[in-house]
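Structural overview
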Amino acid sequence: MSDVSMNDGPMSDVPMSERKLVGRAVRRREDPRLLAGRGRFVDDIALPGMLHAQFVRSTVAHAELASVDVSAVLEVPGVVAAFTAEDLELGDIVAQLGRPLSEFVPTAMPVLARDKVRYVGEPIAIVVARDAYAAEDGLEAAKISYVTLPPVMSEEAAFAADAPLVHAEAAHNTLVDVSLFATDGIDGIFTSAPCVVEVDTRTGRQNALPLETRGAVAHWDDREEQLVLHTCTQIPHQVRTVASRCLRLDERAVRVVVPDMGGGFGQKCVVGREEIAAAAAALRLRRPVKWIEDRKDALTASFLAREQHYRARAAFDADGRILALDTDVVCDMGAYSCYPFTAGIEPLMASAEMPGVYKVPAYRVRGRAVTTNKAPTGPYRGVSRPQYVMVMERLLERAARELALDPVEIRRRNVITDFPYTGVNNITYDPGSYLESLNLCELLVREEGWYEKQTAAAAEGRHLGIGYACFSERTGYGSAAFAQRKMKVVPGFDISEVRMDTSGTVSFTTGTMNHGQSHETTMAQIVADELALDIAKVRLHQGDTDRITYGFGTFASRSITIGGSAVRLAAAKLGDKLRAIAAARWDITPDDVELTSGAARRRNASDVLTYEQIADIAYLQAHLLPKDIEPGLSVTATFDVFNDGTFSNATHGCVVELHADTGQVEILRYVCVEDCGVAINPQVVEGQCRGGIAQGIAGALFEQVTYDAQGEPSATGFMDYKVPTAHEIPDVLIHHLETPCAFTETGAKGAGEGGTIGAPAAVLNAVNDALRPTGVELDHTPITPETVHRALNGAPSLELSS
Amino acid sequence: MNTDPVVTHPPLQLIALDVNGEQHEVITEPRRTLVDVLRHDLRLTGTHVGCEHGICGACTVLVDERPVRACLMFAAQAEGARIRTVESLSDGDGGLNDLQRAFTEHHALQCGFCTPGFLILADGFLAERPDASKEEIREVVASNLCRCTGYQTIVEAIDACATARRGACATPCDMSAGKEH
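Everything numeric in this text was worked out from a predicted model, so none of it was measured.

Remarks on the overall build of chain B
- A tally of helices and strands in chain B yields 5 helices and 5 strands.
- Element order for chain B, N to C, with α for helix and β for strand: β-β-α-β-β-β-α-α-α-α.
- Looking at the 181 residues of chain B, the share that counts as buried comes to 57%.
- Nonlocal contacts in chain B, meaning residues at least 24 apart in sequence, comprise 55% of its contacts between residues at least 6 apart.
- Just so you have it, chain B exposes about 7100 Å², and 51% of that area is on carbon and sulfur atoms.

The structure is reproduced here in structure tokens:
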């Protein structure tokens, strides 16, 4: 079990306000309302006079729009309005990188399709009706004429010499093409190396699949002269920026408010077209308009991820040490570039970070994004790391076989052990526990007797396999890291405001955006500790662009590392002011004042001023303040990271049994040894690990978005898109290691994505270990029952042709 | 302008619903689902909609104490039945019941969107099978989808609640053991 207590532990005599809360499994502040059915999600919002919107969507993958006729839609009972691109005249959504055209081709995503459609499900017109049923009725009356074009449905088709172009400006259907690093002499290393292994790996297109689909409620507030857009987004301020540009409003005239959010996982980390269209309809009609995406649209027409193709080779010396890595990665980004990350999100992440936890002395990579006639791609938990980690782990496994080395031993010989370590990819890694996590994970699997069970099973003709994945999760990407990626929108810093009221209680803000990660609890733990205040008197506010100065939202495990650091700095600043006011009252220096149990105390004396008394002076008796102290108790602080960020790390161990009759992969055991630095709340960290691993397993074994040759998506519901249940997802044994981060304010490193990053590699390696007697090695995900069945039953694999 | 969510086409009908022990009359289209009437007409928004085709279970409610997908049932079909939603679990003061407390203790929810469905599913199941083993509980938990937790803590929370209820009641446990209603 974990090293860190999962419980609040025995009650001590120390008052609650003096016990440090960081590091404890404090009960979640979010839970009571969510458990009582009193959460407020976007579809729970009802405004007087509210109308309901749905979208007429393209039924073909690639076509010129000959005509869009919505006149019959208006005849449908209950329909109030229907608008096309021509009616609304909105600005396009354009995501930019500061790279030359040879590396990045910017493309525009219109809010509603104009002239051309590029995927099945692309929104063409918005239908607004008195209820959602009538809006659906209205969709069927729209008449769209298409001049169909041949759809581009694969990387190979996109690169073909005579390929039709998805975007006229993007030759070879290529949006991103970067070649990086290319260490001098790398070709010579491959020529002379005693061992060179190659893999050709494809990973399936996936849907991040928050259980709450996307949605928005928009209305114009005459009193504030503001569009108020309630929407479930991970990036409220970026939605505000794009909404104001598309709608041609001043940015102050748009207020984005995020209610409770039913997951996001990256899919809600980009600006959607539908929320802008719903806002435009609300402005036109001067009535509130609600849009709630249905599951079919969520599966086919939202933002997808993960469809990548790696051709990678690695050179090793005779002892199994990596000499060089050479990779070509192509990411199928679908029809459009997402805002703010662009179509570069996957290839740039993979290219920059692929060496991962291993010492790679020479590296060359080409990363490309192709555009195809599929729904567009956005970030999804882990972004490229689940894929490149799987490829790196495959290369090591293959080399271990060639060199007759133990798969764990070859990793031991290659993981980075001396920190800080500056890699061939120009990234400096802060200290982590790569080798320790690897050794401990293997030990835990060994101690449970899985190697003996594997031998015994083999004797019975059963197929057990054991696999590992050793990896890091770079978090705390500050302005420097994103500037290096040449983003036009450089996310990085975060701002927190901490305010005390006259009752001595604290409200504070973050620019990050919780959607399940427990910020209301973990960030309150940080503030309560810093101010020695009862956590019940500390309340977080987030997700309102009028209330929060600015923020970049929640992604890349940045919330605790960056947001949590800003929160701690702001709380400390407020603490300084509280001490300064008390010191002035006592005519001593602030150094002689300490904050404990919700009060300022004079050291070595009995003088006490409670926070309520200090707040009384700061607001209601301001004449008592010395001249150099301003009235009020509100402070802000910012935090940014000016190095390469911090690296959480983990090793996953997975034991599978393959069933020869059905081809199914059953996970018998899953062990995770993780190190995310200081865990603010270990129970929350474990929740992130378990949930992340479940999503990684989903990608390894179950989920894939596929299309037919005409570009029609094959999964329109959960009967076809196989989301794993409690049947398929195993219990996970978690063990924590702790290598605190030296430059975040709390020592935390971030824990949001690690589970998802490691699981596909661990599962694939375990499956290949189980297949070892057959000589078959699988390189692609998802691993389907058909593939496993063929491998176990000696039939030729279809894998490479899929 | 008429802003009522009910339009005058297709024909409307008046239905009577018994929800959480309260009687409601709703004028609605025959095609309106139970979950839409609960959420948007009666404003009981604790029950959620995740797929609208009966797979994810976020909309699970109890109809005559048995778990039902409220997205697959027309509101009109629920006339004459007793409907219970997540809002019925907390006591009158808004305090959480033992099942809800077990969920928070075990961190069985993250975003909380699927949670009402799992709570109601477990509430109905444990009433029927108070002696359920952990494996039987896992089997039932596999009825619904959660994207955040990986399910382990949901199974553990329901199992802990069932175990505590068995410990608290006189042996042998009867069918109504631990029920709050």
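So, the confidence of the model for chain B
Residues and elements named next belong to chain B.
- Here chain B averages 90 in pLDDT, and 86% of its residues register 70 or above.
- Taken together, the stretch residues 1-8 has pLDDT below 50 and engages in 16 contacts with residues farther than four places along the chain or on a different chain.
- Within the model, pLDDT remains below 50 along residues 173-181, and this stretch shows 17 contacts once partners closer than five positions in the same chain are excluded.

Side note on the side chain of B:Thr149
- Mapped onto the secondary structure, B:Thr149 falls in the loop between α4 (134-141) and α5 (152-168).
- One polar contact links the side chain of B:Thr149 to the main-chain amide nitrogen of B:Tyr151, over a distance of 3.0 Å.
- Here B:Thr149 is in contact with A:Arg690, A:Gly691, B:Ala108, B:Leu109, B:Gln110 and B:Ile154, once residues within four sequence places are set aside.

Notes on the domain arrangement of chain B
All names here are of chain B.
- When cut into domains, chain B gives domain 1 (13-88) and domain 2 (98-168).
- Relative placement of domain 1 and domain 2: their C-alpha centres are 22 Å apart.
- Each partner contributes residues to the interface: domain 1 has 18 residues there, and domain 2 has 13 residues.
- Across the pair Asp123 and Arg84 runs a salt bridge whose closest N-O atoms are separated by 2.7 Å.
- Our count for the contact surface shared by domain 1 and domain 2 stands at 6 residue pairs in polar contact (both at pLDDT 80 or more).
- Every element with two or more residues in the side of domain 1 that touches domain 2 is listed here: β3 (60-63) and β4 (66-69).
- Taken together, the residues of the side of domain 1 that touches domain 2 sort by class into 8 nonpolar, 6 polar and 4 charged.

Digging into the pattern of salt bridges
- Applying the stated rule across the entire model yields 68 salt bridges over all chains.
- Here A:Glu122 makes a salt bridge to A:Arg273, at a shortest N to O gap of 2.7 Å. Linking A:Glu122 in the loop between β6 (116-117) and β7 (123-129) with A:Arg273 in helix α7 (residues 273-285), this pair joins segments that are 151 residues apart in sequence.
- Its salt-bridge partner being B:Arg129, residue B:Glu136 comes within 2.6 Å of it at the nearest N-O pair.
- Taking the relative accessible area as the measure of exposure, B:Glu136 reaches 31% and is therefore partly exposed.
- If you follow the salt bridges from partner to partner, you end up with A:Arg57, A:Arg214, A:Glu274, A:Glu293 and A:Asp297 in one network.

Things to note about the state of the cysteines
- Taken as a whole, this structure holds 0 disulfides over all chains when the rule is applied.
- Unpaired in this structure, A:Cys338 has its nearest cysteine sulfur neighbour in A:Cys269, at a distance of 8.6 Å.
- Residue A:Cys338 is classed as buried on the basis of its relative accessible area, which comes to 0%.
- Here B:Cys146 stays unpaired: no disulfide links it, and the sulfur of B:Cys114, its closest cysteine neighbor, is 3.8 Å away.
- Take B:Cys146: its relative accessible area is 6%, and that puts it in the buried class.

Looking at the interface of chain B and chain A
- Opposite the 54 residues of chain B that make contact, chain A presents 59 residues.
- Counting the surface lost from both chain B and chain A, the interface buries some 4800 Å², and carbon and sulfur atoms represent 55% of this.
- Among the residues chain B hides against chain A, the three largest losses belong to B:His107, B:Arg147 and B:Gln152. Together they make up 17% of the total.
- Counting the contacts that link chain B with chain A gives 26 residue pairs in polar contact (both at pLDDT 80 or more).

Description of the pairing of strand β32 (residues 733-737) of chain A
- With 5 of 5 residues buried, β32(A) is to be regarded as a mostly interior element.
- Viewed along the sheet, the connection from strand β31 (residues 665-675) of chain A through helix α18 (residues 682-702) of chain A into β32(A) turns out right-handed.

Re unusual backbone geometry
All names here are of chain A.
- The omega torsion across Tyr339 and Pro340 is 5°, close enough to zero to call that bond cis.
- As for its placement among the helices and strands, Pro340 is situated in the loop between β18 (322-332) and α9 (345-353).
- Cis geometry marks the peptide bond from Phe419 to Pro420; its omega dihedral reads -10°.
- As for its position among the elements, Pro420 is in the loop between α11 (407-412) and β20 (421-422).

Quick look at the packing of helix α15 (residues 519-531) of chain A against helix α16 (residues 558-586) of chain A
Residue and element names in this part refer to chain A.
- Interaxial distance between α15 and α16 falls to 9 Å at its minimum, and their mutual angle equals 30°. Remark: the crossing between α15 and α16 carries right-handed chirality. Residues His519, Thr522, Met523, Ile526, Val527, Glu530 and Leu531 of α15 touch α16, and the partners they reach there are Ser559, Ile560, Gly563, Gly564, Val567, Arg568, Ala571, Ala572, Leu574, Gly575 and Leu578.
- Considered class by class, the residues forming the contact of α15 with α16 number 10 nonpolar, 6 polar and 2 charged.

Section: the packing of helix α2 (residues 98-105) of chain B against α5(B)
All names here are of chain B.
- Running from N to C, α2 and α5 cross one another at 135°; their axes reach a closest spacing of 8 Å. Relative to α5, α2 is oriented oblique. For α2 against α5, the interelement crossing comes out right-handed. In this structure, α2 contributes Asp98, Leu99, Ala102 and Phe103 to the contact, and α5 contributes Ile154, Ala157, Ile158, Cys161 and Arg165.

Notes on the sheet that holds β32(A)
Residue and element names in this part refer to chain A.
- Spatial strand order, β22-β30-β31-β32: 4 strands in an open sheet with mixed pairing. Where the open sheet ends on each side, the last strands, each with one partner, are β22 (463-475) and β32. If you compare each strand with its neighbour and ignore which way they point, the axes differ by 15° on average.
- When β31 meets β32, the two strands line up parallel, connected through 5 bridges. Residue pairing for β32: Val671 is matched across the bridge by Leu733.

With respect to the packing of aromatic side chains
Residues and elements named next belong to chain A.
- On inspection of all chains with the given rule, the structure shows 13 aromatic pairs over all chains.
- Here Tyr550 and Phe552 contribute two aromatic rings whose centre-to-centre distance is 5.4 Å and whose plane-to-plane angle is 75°, an arrangement assigned as edge-to-face.
- Classification of Phe552 by relative accessible area gives buried; the value is 7%.
- Ring pairing ties together the aromatic residues Phe341, Tyr477, Phe482 and Phe555, which thus form one cluster.
- For Arg306, the ring lying beneath its charged end belongs to Tyr380, and the centroid distance is 3.9 Å.
- Sitting over the face of the ring of Phe555, Arg558 holds its NZ or CZ atom 5.5 Å from the ring centroid.

Quick look at the environment of B:Asp36
- One can find B:Asp36 in helix α1 (residues 34-41).
- Assessed through its relative accessible area of 12%, B:Asp36 is described here as buried.
- Among the polar contacts made by the side chain of B:Asp36, one reaches the side chain of A:Tyr133 at a distance of 2.6 Å.

A few points about the sheet that holds strand β19 (residues 363-370) of chain A
Residue and element names in this part refer to chain A.
- Read across the open sheet, the 5 strands follow the order β9-β19-β18-β17-β10; overall the sheet is mixed. Strands with a single pairing partner mark the edges of an open sheet, and in this sheet they are β9 (174-180) and β10 (195-203). Taken over all neighbouring pairs, the strand axes of this sheet differ in orientation by 5° on average, direction set aside.
- The strands that α9 touches are β9, β17 (308-316), β18 and β19; relative to β19, the one it contacts most, it runs at about 175°.

Examining the nonpolar core
- Ranked by size, the top nonpolar core spans 227 residues in total, and within it A:Ile126, A:Tyr670, A:Val763 and B:Phe103 carry the most contacts.
- Among the domains, domain 1 (13-88) and domain 2 (98-168) of chain B are the pair contributing at least three residues each to this core.
- Residues A:Met523, A:Ile526, A:Leu609 and A:Val635 belong to the second largest nonpolar core, which totals 44 residues.

Considerations on α2(B)
- Within α2(B), the full set of buried residues consists of B:Leu99, B:Gln100, B:Ala102, B:Phe103 and B:Thr104.
- Where the residues of α2(B) are buried, they touch α1 (31-35) of chain A together with α3 (115-128) and α5 of chain B.
- Measuring from the side-chain oxygen of the N-cap residue of α2(B) to the backbone nitrogen of B:Leu99 gives 3.0 Å; that N-cap residue is B:Asn97.
- Note on α2(B): the residue one or two positions beyond its end, B:His107, has a positive phi of about 55°.

Some remarks on the environment of A:Arg223
Residue and element names in this part refer to chain A.
- Its place among the elements puts Arg223 in the loop between β12 (215-221) and β13 (226-231).
- The exposure class of Arg223 is exposed, given its relative accessible area of 75%.
- Along the sequence, Arg223 and Ile581 sit 358 residues apart, while their C-alpha atoms lie 39 Å from each other.

Conventions adopted
Residues numbered from 1 in each chain as written. Chains lettered and ligands numbered in written order. Predicted model: local features only at pLDDT ≥ 70, side-chain atom pairs only at ≥ 80, totals over all residues. Heavy atoms only, no water. Helix = DSSP H or I, 4+ residues; strand = E, 2+ residues; numbered from the N terminus. Buried < 20%, exposed > 50% of the residue type's maximum accessible area, 1.4 Å probe, protein only. Contact = heavy atoms within 4.5 Å. Areas by Shrake-Rupley, 256 points an atom, 1.4 Å probe, with all protein chains shown as cover. pLDDT = per-residue confidence, 0-100. Polar contact = N/O pair within 3.5 Å; in protein donor to acceptor, adjacent residues only side chain to side chain. Domains from an automatic or database assignment. Salt bridge = Lys/Arg side-chain N within 4 Å of Asp/Glu carboxyl O. Nonpolar A, V, L, I, M, F, W, Y, C, P; charged D, E, K, R; others polar. Disulfide = S-S within 2.5 Å. Buried area = accessible area lost by both parts, 1.4 Å probe. Right-handed = clockwise from strand over helix to strand, strands pointing away. Axes fitted to C-alpha atoms, helices over the stretch in contact; angles between N-to-C directions. Left-handed = near helix turned anticlockwise from the far one by under 90°. Parallel < 35°, antiparallel > 145°, perpendicular 65-115°, else oblique. Pairing = 2+ DSSP bridges. Phe/Tyr/Trp six-rings, centres within 6.5 Å; stacked < 30°, edge-to-face > 60°. Lys NZ or Arg CZ within 6 Å of the ring centre and 35° of its normal. Core = buried A, V, L, I, M, F, W, Y, C linked by side-chain atoms within 4.5 Å.

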